Amino acid sequence: MRAIIFLLFVILVFLIIRFTLNRIIEIRAKNAPVKQEESETPSLKESEAMVQCALCSVHLPQSIAYFDGKDTFCSEGHMQAFQDKSTEP
Ligand SMILES: [Zn+2]
């Protein structure tokens, strides 16, 4: 008789552990989509001012553009090339 009570106790403990694990998995699944929403915030960067390279006419964000005081460029090389071209007669 004692063995049956012990077995029932073990089954009860097992069910409690399973229920707790299911709850943890449920909470984690709910938290996961929230992180994905946070990853959308970099889209704010796309709304920053766009400038055009004076040499090749490519559009790029102002933060990564090169500015020589008058014109903007996509790279240092294009800035140099444009300045060399404009200084030539
Ligand atoms: Zn360029």
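Quantities reported herein were computed from a predicted structural model and do not represent experimental measurements. (Residues numbered from 1 in each chain as written. Predicted model: local features only at pLDDT ≥ 70, side-chain atom pairs only at ≥ 80, totals over all residues. Heavy atoms only, no water.)

### A short note on the overall build of the chain
Then, in step 1: Tallying secondary structure elements over the chain gives three helices and four strands in all.
Then, in step 2: Listing each helix as α and each strand as β along the chain from the N terminus yields α-α-β-β-β-β-α.
Then, in step 3: Counting across all 89 residues of the chain, residues that qualify as buried make up 9%.
Then, in step 4: Summing over all exposed atoms, the chain offers an accessible surface of approximately 8000 Å²; the carbon and sulfur share of this is 63%. (Helix = DSSP H or I, 4+ residues; strand = E, 2+ residues; numbered from the N terminus. Buried < 20%, exposed > 50% of the residue type's maximum accessible area, 1.4 Å probe, protein only. Areas by Shrake-Rupley, 256 points an atom, 1.4 Å probe, with all protein chains shown as cover.)

### Focus: the environment of E48
Then, in step 1: With respect to the helices and strands, E48 occurs in the loop between α2 (43–46) and β1 (50–52).
Then, in step 2: Exposure remark for E48: the relative accessible area of 27% places this residue in the partly exposed category.
Then, in step 3: Separated by 15 residues in sequence, E48 and S63 have C-alpha atoms that sit 8.3 Å apart.
Then, in step 4: In contact with E48, not counting residues within four places along its chain, are P61, Q62 and S63.
Then, in step 5: Within the structure, E48 has its side chain in polar contact with the side chain of S63 (distance 3.0 Å). (Contact = heavy atoms within 4.5 Å. Polar contact = N/O pair within 3.5 Å; in protein donor to acceptor, adjacent residues only side chain to side chain.)

### Topic: the confidence of the model for the chain
Then, in step 1: In this model, the chain carries an average pLDDT of 86, and 84% of its residues clear a pLDDT of 70 or more.
Then, in step 2: Taking the mean pLDDT of every element in the chain, the minimum, 53, falls on α2 and the maximum, 96, on strand β4 (residues 72–73). (pLDDT = per-residue confidence, 0-100.)

### A word on the coordination of the zinc ion
Ideal geometry at a metal centre: 109.5 degrees between donors when four sit tetrahedrally, and 90 or 180 degrees when six sit octahedrally.
Then, in step 1: Protein coordination at the zinc ion comes from C53 (SG), C56 (SG), C74 (SG) and H78 (ND1), with a distance range of 1.9 to 2.3 Å.
Then, in step 2: Coordination at the zinc ion comes from four donor atoms whose angles at the metal span 96 to 117°, giving a geometry best classed as tetrahedral.
Then, in step 3: The sequence pattern describing where the donors of the zinc ion fall on their chain is C-x2-C-x17-C-x3-H. Residue C53 is found in the loop between β1 and β2 (59–61), and its partner H78 is found in helix α3 (residues 76–87); the two are separated by 25 residues along the sequence.
Then, in step 4: With relative accessibility at 24%, the residue H78 sits in the partly exposed group. (Donors = N, O, S within 2.8 Å, 3.2 Å for Na, K, Ca; no water. Tetrahedral: all angles 85-135°; square planar, octahedral: opposite > 155°, others 65-115°.)

### A short note on a nonpolar patch on the surface
Then, in step 1: On the surface, a cluster of nonpolar side chains totalling about 900 Å² of accessible area is made up of M1, I4, I5, L7, L8, I11, F14 and L15.
Then, in step 2: Locating I11 in the fold gives a position in helix α1 (residues 2–38). (Patch = residues over 30% accessible without salt bridge, like charges linked within 9 Å, V, L, I, M, F, W, Y side chains within 5 Å. Salt bridge = Lys/Arg side-chain N within 4 Å of Asp/Glu carboxyl O.)

### What about the side chain of T72?
Then, in step 1: Summarising the element assignment, T72 is placed in strand β4.
Then, in step 2: A polar contact is formed between the side chain of T72 and the backbone oxygen of Q52, at a distance of 2.8 Å.

### Overview of the side chain of D71
Then, in step 1: Along the chain, the position of D71 falls in the loop between β3 (66–67) and β4.
Then, in step 2: Buried charge without a partner: D71 forms no salt bridge, and the closest opposite charge is K70, 4.4 Å away.
Then, in step 3: Sequence-distant contacts of D71, that is, excluding residues within four places in its chain, are made with A54, Y66 and F82. (Lys, Arg positive; Asp, Glu negative; His and termini not counted.)

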